[in-house]
Amino acid sequence: IHLMMKRSFHRVLQHSRLDSPSQTSFVSFMIDKATFRSNGNACITHSSNILFNYHTFRPSMIVKQAHRTEKRNKEGRLNNRPMTRTKTRLSKKQKKKNFIKLVNHIEKKMSQNTILNVGLCQFDVGHDKEKNVETASKAIEDAVKKGADLVVLPECFNSPYGTKYFGKYAESISDSPTLEKMSKLAKKHNITLVAGSIPTKEQEKLYNTSVVFNRAGERIAIHRKKHLFDIDIPGKITFRESDVLTGGNALTSFTVPIPNSTNSINVGLGICFDIRFPEMAQVLTRDDQISLMIYPGAFNMTTGPAHWQLLARGRAVDNQLYVALCSPARDEDAGYVAYGHSLMVDPYGEVLNEAEGAAKTMVIPMDLSRVNEVRAQIPVNSTKYGHYNTLPSPVPTRSQEQEEDTSSMLSYIGKAAKGAAIAAVVLLAADRVSQFFKKD
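Rules of the game
Residues numbered from 1 in each chain as written. Predicted model: local features only at pLDDT ≥ 70, side-chain atom pairs only at ≥ 80, totals over all residues. Heavy atoms only, no water. Helix = DSSP H or I, 4+ residues; strand = E, 2+ residues; numbered from the N terminus. Buried < 20%, exposed > 50% of the residue type's maximum accessible area, 1.4 Å probe, protein only. Contact = heavy atoms within 4.5 Å. Polar contact = N/O pair within 3.5 Å; in protein donor to acceptor, adjacent residues only side chain to side chain. Pairing = 2+ DSSP bridges. Right-handed = clockwise from strand over helix to strand, strands pointing away. Axes fitted to C-alpha atoms, helices over the stretch in contact; angles between N-to-C directions. Core = buried A, V, L, I, M, F, W, Y, C linked by side-chain atoms within 4.5 Å. Phe/Tyr/Trp six-rings, centres within 6.5 Å; stacked < 30°, edge-to-face > 60°. Lys NZ or Arg CZ within 6 Å of the ring centre and 35° of its normal.

Novice: Help me understand the overall build of the protein chain in this model?
Specialist: A tally of helices and strands in the protein chain yields 13 helices and 17 strands. Counting the 440 residues in the protein chain, one finds 43% classified as buried. Here the analysis covers contacts within the protein chain between residues at least 6 apart in sequence; of these, 69% occur between residues at least 24 apart.

Novice: Even after reading the chapter, I still don't get the side chain of S210, so can you show me in this structure?
Specialist: Note on placement: S210 falls in strand 7 (residues 205–213). Side-chain polar atoms of S210 contact the backbone oxygen of G196, separated by 2.6 Å. If we skip the residues at most four places from it in the chain, S210 touches V194, A195, G196, S197, A221, I222, H223, L269 and I271.

Novice: Can you help me understand the pairing of strand 13 (residues 292–296) in this one?
Specialist: Both faces of the sheet carry side chains from a regular strand, because those side chains alternate between them. Within strand 13, five of the five residues are buried, which leaves the element mostly enclosed by the surrounding structure. The side-chain alternation of strand 13 yields two buried faces, one formed by L292, I294 and P296 and the other by M293 and Y295. In the sheet, strand 12 (residues 264–269) pairs with strand 13 via three bridges, with the strands oriented parallel. The partner of L269 across the bridge, within strand 13, is I294. Handedness of the crossover joining strand 12 and strand 13 through helix 9 (residues 278–288) is recorded here as right-handed. As judged from the five bridges shared by strand 13 and strand 14 (residues 322–326), these two strands associate in the parallel manner.

Novice: What should I look at first to understand unusual backbone geometry in this one?
Specialist: Note: most peptide bonds trans; most residues except glycine with negative phi. The phi dihedral of E204 falls on the positive side, at around 65°, and the residue is not glycine. Of note in this structure, Q320 is not a glycine but carries a positive phi near 55°. Looking at Q320, the relative accessible area reads 3%, which means it is buried.

Novice: Before we go on, may I ask you to explain the sheet that holds strand 14 in this structure?
Specialist: Strand pairing in a sheet takes place through backbone hydrogen bonds and is either antiparallel or parallel in direction. Strands sit in the order 11-12-13-14-15-16 across an open sheet of six strands; the sheet is mixed. Bordering the open sheet on either side are strand 11 (252–257) and strand 16 (351–354), each of which pairs with just one other strand. The average undirected angle you get between the axes of adjacent strands in this sheet is 20°. Packing against the sheet, helix 9 makes contact with strand 11, strand 12 and strand 13, and its axis sits at approximately 150° to strand 12.

Novice: What exactly am I supposed to notice about the nonpolar core here?
Specialist: Inside soluble globular proteins, nonpolar side chains tend to come together where they are buried. Counting residues in each nonpolar core, the largest one holds 26 residues, and the members touching the most others are V118, L120, L292, I294 and M344. Where this core is concerned, the elements lending two or more residues are strand 3 (115–122), strand 4 (150–152), strand 11, strand 12, strand 13, strand 14, strand 17 (360–367) and helix 11 (368–377). Residue contacts for I294: discarding those within four places in its chain leaves L150, V152, V194, V267, G268, L269, G270 and A324. Of all hydrophobic cores here, the second largest spans 23 residues; its members include C121, V133, I173 and I198.

Novice: What am I meant to see in the packing of aromatic side chains here?
Specialist: The relation between two aromatic rings is expressed through the spacing of the ring centres and the mutual angle of the planes. In total, this model carries nine aromatic pairs according to the counting rule given. The interplanar angle of 10° and the centroid separation of 5.1 Å between the aromatic rings of Y161 and F239 together place this pair among those described as stacked. Of this pair, Y161 sits in the loop between strand 4 and helix 7 (163–169) while F239 sits in strand 10 (residues 237–240), and the two are 78 residues apart along the sequence. Assigned by exposure class, Y161 and F239 land together as buried. These aromatic residues form a ring-pair network of at least three members: Y161, F166, F229, F239, F273, F277 and Y336. Seen from the ring of Y207, R224 lies directly overhead, with NZ or CZ sitting 4.8 Å from the centre.

Structural data, given as structure tokens:
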């Protein structure tokens, strides 16, 4: 039983941040209540002395004993003596029953937490790769200090954004100093880290790639930008990522555990221009049951003011989930001027927080229960997927219609010719038979 209790306690600790005074988890509550003091000096300070004392292993007794000791201390009756062990002796059966009862109580308390703090790091990105990575590291530390559990970096956070820079700044995923640094930071701060995106090179092809690390610093997801940014707005902006980049061919999602809880959140991942394709988020919502969609992005000063927030709210309302966008800060002197305005939207389409153009680190709480609440109130997903399991065929263009008309006409002519040939053979056979009988 003692070993089982130890394992259970350490399992709980893995989901708890006991070093943070703001945490109100059950474990923190038990430790606070079970710390006995005599004349200002702690008699018992290590939680294991309380939870692992299986001779007095009753949850109610721990709290009662704490109150009793506090009362005796106020009355001056403790006389600087440490707390004595109670004489209550329990049978092995009762100890096991109490242990299971406490574990269930701990798990119940932990399952009630549905809050995940999401940190969005908007910072300046320049031409010095090492300085960019250092800036990202400081932004991550700032987000952690503000209580972030999941931290998101912007698109191309280690290089300037531009087709002429992708090849110069590209790194291999398997041997990337930037990603190695991000892995160490995720492990150091015990967070899930979405490392924005960086240019990567694999088999002589360049990609715009986002990599995700879990709390142990392990790589758990890789997303290559699927839809490349090719636009031409006369007099304003022309940009073609496809001139140098190769698009990805897969959708990406991963799971983030909620601290102090047994719950977890499924998260979808896209990059910038991917947000303009609603089917991407819809498929991830349907197949992977995501509750949060993250897009590291770098909209420009033409499309940003017009569509940045609009698209985020659209994807959030379409799929009834949270949407987080993370951009580099705005640099008016850069060749490509990013819009900034990193933001987060809730499942009802409300903007929870939004930055301006300058560098800023925000930590926004998202509540998993809010996703379930909105989906229960307006059940569009269950209705939609019942009718639209497959996407409709695209509407044919005029040239396609002409080709179809031509092919159908040729098919008709072919069938007619085949029928005429058969009829001719039948007539010829009939003529030969009639001539044979005439001779007879």
